[in-house]
Amino acid sequence: MDYPIWINGAWKPAHEAHVSVKDIGFLRGYGIFDFFRIMEGKPIFLADHLARFERSAAKMGLNLPYSTEALSACIHELASMSKDACLGVKMVLTGGESMNGYVPAEQPNLWILPSVFQFTDPEKGMRLLSKEFVREMADIKSLNYAFGIRHIPEMKAAGADDLIYYTQKHGVSESTRSNLFYVKDGKLYTPDAHILEGITRMKVLEIAQAHYPVHVQPCSLGDFLSADEVFTTGSTKRVVPILAIDGHMIGSGERGPMAKRLYDELVKLEVL
């Protein structure tokens with residue numbers, strides 16, 4: 001099914017959707033987004049995603065001209081249209097059509113873009129390549145992914161699926177599009193700063209705290225390399241094991257028991 005795209009208050013056929021060449025999101029990358037899923041006609045963790053979208057807009061200085069209730073109603077309308085088991089939904093808010101290509105417009109532009117979605121295989125796992133980097137405004141889900149994108153050729157050449165960001169000063173922060181955890185001696189650890197606080201990360205922490213000792217704190221690259229398990233979390237992944245970093249095998253090199261348990265518990269939480 002070819003789903004319509006919502007643009008500034010109205011659903012339009014996908015072939016009629018466009019972005020102005022004057023839009024400052026196109027010209028300068030000035031904008032934010034959020035991504036969530038609709039599964040079997042049900043938006044997953046919608047209230048959390050809308051709250052983060054609104055926080056990101058406020059921190060970026062973008063005017064969001066629609067209330068939480070209006071956006072929620074729009075998403076539920078989309079959910080009622082769904083003919084597929086799983087949709088990925090991206091909301092994008094930009095600074096609008098700039099008069100001089102730099103100063104944001106008074107009227108922003110907002111798109112809601114649905115598409116059929118498939119998860120990353122939770123058992124196959126991923127491999128990461130480390131890069132010294134910390135994102136500007138890491139707590140905002142901005143449109144700027146230039147650092148990760150320009151390292152795709154190097155990443156592929158190294159046989160990696162994604163990057164792990166770290167600095168000597170701050171340690172590990174996150175991956176390009178997801179949060180990171182490691183397990184050591186039955187305890188769970190995740191970085192506490194210079195990260196986007198993912199909705200899946202939040203849910204996994206809530207689940208884990210009922211079963212394991214959990215530590216949200218600074219974490220070094222060495223901590224991750226010497227871990228019993230490493231996994232990444234996100235709306236596109238749920239909980240996916242990291243099998244190697246910089247070619248160094250993590251633990252047994254296979255999906256670990258904590259990653260599996262947290263994945264299974266997260267799936268149960270989604271259907272409640």
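As a reminder, the structure under discussion sits directly above these lines.
Residues numbered from 1 in each chain as written. Predicted model: local features only at pLDDT ≥ 70, side-chain atom pairs only at ≥ 80, totals over all residues. Heavy atoms only, no water.

**Side note on the overall build of the chain**
Within the chain, the regular secondary structure consists of 8 helices and 15 strands. Compactness check: the chain gives a C-alpha radius of gyration of 19 Å against a globular reference of 19 Å for 272 residues, within 12% of the reference. Taken over the C-alpha atoms alone, the chain extends approximately 55 × 40 × 30 Å along its principal axes. Buried positions account for 51% of the 272 residues belonging to the chain. (Helix = DSSP H or I, 4+ residues; strand = E, 2+ residues; numbered from the N terminus. Rg over C-alpha atoms; globule rule 2.2 N^0.38 Å. Buried < 20%, exposed > 50% of the residue type's maximum accessible area, 1.4 Å probe, protein only.)

**Details of the packing of helix α6 (residues 199-208) against helix α8 (residues 257-270)**
Following both chains from N to C, one finds α6 and α8 inclined at 110°, their axes separated by 10 Å at the closest point. Viewed along their axes, α6 and α8 adopt a mutual orientation that is roughly perpendicular. Taking contact as the criterion, the partners of Thr200, Lys203, Val204, Ile207 and Ala208 in α6 are, on α8, Leu262, Glu265, Leu266 and Leu269. Broken down by class, the residue content of the contact of α6 with α8 amounts to 6 nonpolar, 1 polar and 2 charged. (Axes fitted to C-alpha atoms, helices over the stretch in contact; angles between N-to-C directions. Parallel < 35°, antiparallel > 145°, perpendicular 65-115°, else oblique. Contact = heavy atoms within 4.5 Å. Nonpolar A, V, L, I, M, F, W, Y, C, P; charged D, E, K, R; others polar.)

**A word on the pattern of salt bridges**
Evaluation of the coordinates by the stated rule reveals 12 salt bridges. Salt-bridge contacts for Asp162 lead to Arg177; the nearest nitrogen and oxygen are separated by 3.6 Å. With Asp162 in strand β8 (residues 162-167) and Arg177 in the loop between β9 (171-175) and β10 (179-184), this pair connects stretches of sequence that are 15 residues apart. According to the relative accessible area criterion, Asp162 is buried, its value standing at 2%. With a relative accessible area of 54%, Arg177 lands in the exposed category. Two residues, Lys260 and Asp264, come together in a salt bridge whose shortest N-O distance is 2.9 Å. Placement of both Lys260 and Asp264 in helix α8 is noted, with a separation of 4 residues, approximately one turn of the helix. You can call Lys260 partly exposed: its relative accessible area is 41%. Through salt bridges with shared partners, a single network forms among Arg37, Arg238 and Glu270. (Salt bridge = Lys/Arg side-chain N within 4 Å of Asp/Glu carboxyl O.)

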